[in-house]
Each structure stands twice: as structure tokens, then as C-alpha cells.
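So you can see what is in the structure, the chains are spelled out below.
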Amino acid sequence: MFDVRTVESGACCEQERDTGDSAMSMTARRRRAFQRQACLLSVLAAFSLGLALGVFVPLIGISQGAATKGAVMVVSGEGGNPEMEPQPALQALHHPAHRMPHFPTIDDIRSDDGPRGRYAPVSFIAEEKLVGEGEVMFQPKLDPDGLMDRKLPAPGASIVEQMLAGSGKVATGPVLERRESRAGKLEEYNREDVEGVIRDGIYWGASVERALPVGFDRRQSDSWARYLREAEVERLEIGCGRMQNRLLVFRDGTRACARYRQNTDQIQGELFSFYLGQLLNLTNLAPSAASIIDPEARLWAAATEELAGAQWKPTKPVVITKWIGNLEPAGIPHPFRPLERHLNRFDVRNITEGLDRPRDGVRRLLLERLGTARDAPASAGAALPSSTAPPSQPPSPEVLERLVELAQWSDLIVFDYLIANLDRVVNNLYNFQWNADIMAAPAHNLARQTDSSLLVFLDNESGLLHGYRLLKKYEAYHGLLLDNLCVFRRSTVRALEGLRDASVGQRLNALFERTTTAQIRDVLPPLPEKSVKILVDRIERVLGQVQKCRETFAVR
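In what follows, the accompanying structure is described. A quick note: this is a predicted structure, and the numbers were derived from the prediction, not measured.

Moving on, we come to the packing of helix 19 (residues 504-515) against helix 21 (residues 529-553). Here helix 19 crosses helix 21 at 120°, and the two axes come no closer than 9 Å. Taken together, the axes of helix 19 and helix 21 lie oblique to each other. Along its contact with helix 19, which presents Val504, Gly505 and Leu508, the element helix 21 presents Val532, Leu535, Val536 and Ile539. Here the contact of helix 19 with helix 21 is built from residues that sort into 6 nonpolar, 1 polar and no charged.

Attention now goes to the pairing of strand 10 (residues 288-292). Judged by how many residues are buried, strand 10 sits mostly within the fold: 5 of 5 residues are covered. A two-sided burial pattern is seen for strand 10, the buried positions comprising Ser288, Ala290 and Ile292 on one face and Ala289 and Ser291 on the other.

Here we have 3 strands laid out as an open sheet, ordered 12-13-14, and antiparallel in their pairing. The two strands at the open ends of the sheet, each matched to only one other strand, are strand 12 (327-331) and strand 14 (455-457). Put simply, the sheet's adjacent strands are angled 50° from each other on average, direction ignored. Inspection of the sheet shows strand 12 paired to strand 13 (residues 442-449) by 4 bridges, in the antiparallel sense. The residue of strand 13 that forms the bridge with Glu328 is Arg448. Sitting on the sheet, helix 14 (residues 397-419) is in contact with strand 12, strand 13 and strand 14, with an inclination near 10° to strand 14.

Below, the discussion takes up the pattern of salt bridges. Tallied over the full model, the rule gives 23 salt bridges. Among the ionic pairs, Asp222 bridges to Arg514, the shortest N-O distance being 3.7 Å. Here Asp222, found in helix 9 (residues 218-230), pairs with Arg514, found in helix 19; they are 292 residues apart in sequence, far enough to count as distant. The class for Asp222 is partly exposed, based on a relative accessible area of 22%.

What follows covers the nonpolar core. Within the largest apolar cluster, 86 residues are counted, with the highest numbers of intra-cluster contacts made by Trp204, Leu280, Trp409, Leu418, Leu508 and Leu535. In terms of residue count, the dominant contributor to this core is helix 14 (14 residues). Not counting residues within four places of it along the chain, the set of residues in contact with Leu535 comprises Leu276, Leu418, Leu464, Tyr468, Val504 and Leu508. Judged by nonpolar contacts, the second largest core, of 20 residues, contains Ile293, Ala303, Leu307 and Val318.

Conventions we followed
Residues numbered from 1 in each chain as written. Predicted model: local features only at pLDDT ≥ 70, side-chain atom pairs only at ≥ 80, totals over all residues. Heavy atoms only, no water. Axes fitted to C-alpha atoms, helices over the stretch in contact; angles between N-to-C directions. Helix = DSSP H or I, 4+ residues; strand = E, 2+ residues; numbered from the N terminus. Parallel < 35°, antiparallel > 145°, perpendicular 65-115°, else oblique. Contact = heavy atoms within 4.5 Å. Nonpolar A, V, L, I, M, F, W, Y, C, P; charged D, E, K, R; others polar. Buried < 20%, exposed > 50% of the residue type's maximum accessible area, 1.4 Å probe, protein only. Pairing = 2+ DSSP bridges. Salt bridge = Lys/Arg side-chain N within 4 Å of Asp/Glu carboxyl O. Core = buried A, V, L, I, M, F, W, Y, C linked by side-chain atoms within 4.5 Å.

Below, the structure is given as C-alpha cells:
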């Protein structure tokens, strides 16, 4: 018989179980809700703490910086202990304030949206100049009026204050007024360049030009090409950089570096960069010539086994560069190392006077920051030069040595900008974001001859082709040093003006035709028209920079 009480008892138990499950489920949901709220509160607390640290800590630093803004560190006269002196003590070392263009820094090209951020001179090449080409390239745009309208530091203070005080600001208020009040007395002094150092405000003078190392002129390059037509390679040795490069030893003991690449673009880049250096009358590039791997040719016949061991394929082109001995690594000059890096006639004057006529403790500290090893005794008095200042004297040998290095660097900056060489100073600039000390390291692919102080521009294979393809990524870095350079060699500027008036592409290809054989030209093409167009634009860009410097710094 069906028992109703049993059914009712079972239903009651089931109801109690459902009630218990509901209670447990409710407790679990509440626990999860509490955990979510606690997690959310933790995230909000962390965000608020981070926001507070990001806002208020920098404000504290700014206020502390403002409190010491009017003072710089100098060395006391007796004990050599550092102490704080007012800004005028440093300002007394410099020339009157001039309105000058803003010098771009790494911060300018790394702000906001990356390389284009606040770095105004970077823009795209006009597309009509690259009709039919698949790549869009970066090209600095000229802005003739932009330079004179920007706020600038004092020309002398721009190097000194950046190094000693770490500030990009120029002194204002009473200090600047005192400068301007004495501008009349200083005008004549300011217009007189140190004898033979700077000419017309933007060119290296006669004493610097005379002291430049001879280097490798066109006659030596022609002689090297003739030598290779008669020479015989005795053996190949491992060396000269990359794995597939080889050190060639000829029967008469002469040595050379042979550059072998699977991609002919880099062979073209090395060869045509060398040709461009010849057109610019640069003597810093070692003599180079192209050749073809041909085991039956006289040049290679005695080294066929080594050719096979090097895995060099027949009919491949190589560039053979004369071996240069007595080389040492070359560092980046101190004026180009700080964040505010530039070189103009006032910077040169500061370097010259600092090395020739140190006057006090501030000057000694300046000499240490400029990297000089000279420890001249300090003399009393740090007054501004007046109309009765002694006449300028020729630079001392120590000063001349530094200026000769800077003169060669002015050519290097122009040359590397023209060919868009990304494997020299641009390498240091680009890696500065990860290594702040890299500017003190030796520059890539740059060496100095110990017996002549000649800077040798090595390994230019990225020039004119590979570097042009990567302009969109690196153009801001290419333009950074050029925009900060306002001292040039007159011979280089004249050569650029000649290339602008003539067809640089025709002249480069004429050199190619004259210095190579038909066998080489069968496997190695001339410089592409696209590269020629970009080179023409970059020549105009350099000449535009020269004109801006002329308008800003030329003596009138």
C-alpha cells in the first residue's frame, strides 16, 4: 500500500537539502563577490600610488632643480673642494648671447610618436620623385625661416653649460642684460676669428687645412687599380671583418682586404661610396677597386685552393681595398657626445681659448669635460674680453691636433649623411636608448692612423643602396648630426656645389666605366636611378644646411 507519510517525509528531506544547497551557494557567491571587490580595491590602490609617485616625485625634483638653477659647480682656489658659485661666474667666460637656431637632440626625435615626434626637419621625399618605386623614403625638409625663430641657448654656453650644469637653458634677466650692455665693446672681438682657425664664420681656416693629413688622393687610387691589373694573389687568409671576407697576400708582400657578399647591393654600396668620396675630394677612404672571381685570371690563378676553401663562387664580384696599417680605434669627439651636441664657430672658439688660455678653476673643469689632457696653471681674472684684448694668436700644436680631428669629422658627418651610412655614428646614436655610455665608445667602422692622425672611413657597404632602403627608420638619426654642424671644409662645399650643377649620377657611372672592365660590368650593375634621385636630394639638403649656417654664423 502506498504510504503518504513516507512520501511527505521524503519531500521534506529533499526540501531541506535544497535549502542547505541554496545557503551554501549563497555563501560562495558572497565570498567570490568579496574577493572581486578586494582585488578591485587593490588595483585601484596600486594605481593611485603609482599616479602619486609619477606626479609628485618629479615635481619635487623640478622644485629642487629650480632652487639650484642659478648656480654651477666650480673648483675652489685652494683646497680644490667643489662649491656653488652664482651663474655669472660661468657666464663671464662666454661671448655675448646671439640668437641661434635650436639644435635638435635625441630627445627631439624620440618624443611622442617616435622619430617624427617634435623633430621638425624630418618629412617624406616628394612622391613624384620616386614614381614607379615601391618604397617611401624619409628626407629632411628645409625650413629657411625656422632656424632664426626658435629659442636658443647662448652660443658659448651651449656646450659649457650642458656639460657642467646639465641645463639646456640660457641665462636670462640681469646676466643677459649685462651681456647686451657690453655687446658694443665685444662686437669687434667677436667678429675676429682665431688666426687661421675659422674663415667666414663657417669654414675651417688655413692653419687647420694645412695641418690636415694628406690621406689617399685620386692618384693613389688610380695607382691601386693599375696594380691590381698586374698583381698575383699568393694566398688568402682569414681576416678583414666578416666571415666571408679575406685578407689577400700578393706575391710581392702587398696586402689587401677583399669584400665578398652574396648580395651585390653591398658590393655596389662599397664601390660607389668610394667613388662619391673621390668626387668630394675626400682623402679618408682607402683605395678600392672591383674585381671578378675568376680562377683562370692572373690575379687569382695561384690561389684557387684558397678560393674554394673560402667558398667564393666564380663570376662573383668583390671589392679589393688596400691594406692600411698602424690603425687604432677612433672615438667620437667630445663636442658630439653630450645630449646637446653641436659644432659652430663659437664652440670652436671656446675649445681654442680653453686650451690656449685657461684662466681659473671653472676653465680647468671645462678642460676636463672637453677631454684635454693638458693641465695648464690657472691665472687670476676671468673677465670678459674687451676691446683691448690681445690679438688672436695661431693655435698651439695641441689645439691644432683637436681641430684637425674635428675638421675630418665635419667631412665624415657630411659624407655619412649623403650615403645614409647606418653602420657608423648612427649605430651609436640609435643604441643610445639602451646604453647611455655608448657615445664614449669607439665609433663603428672608423679608425685613426697612429702616425698621421688620419681618420679612415671603413666599410661603407650600407651606403647609397641598403641605407637608402632603411631611411624611414633611421633618417632622424642621420639628420641629427648634420643639423648640428655649422663648420665645414670649403673644398667639400665647393665639390657639393659642383655636383649639384652637374649630374652626379652621370659622374659616378663615368668613374664606374673608367675603372672597371666589361667583365665586371656584366655582373655588377651601375648605381640605380632611384639611388641617384635620393642622393641629389641629400646633396641639396647638405647645401641647405650650409646656407642656414651662413645666415646664422657668417661674419658680416
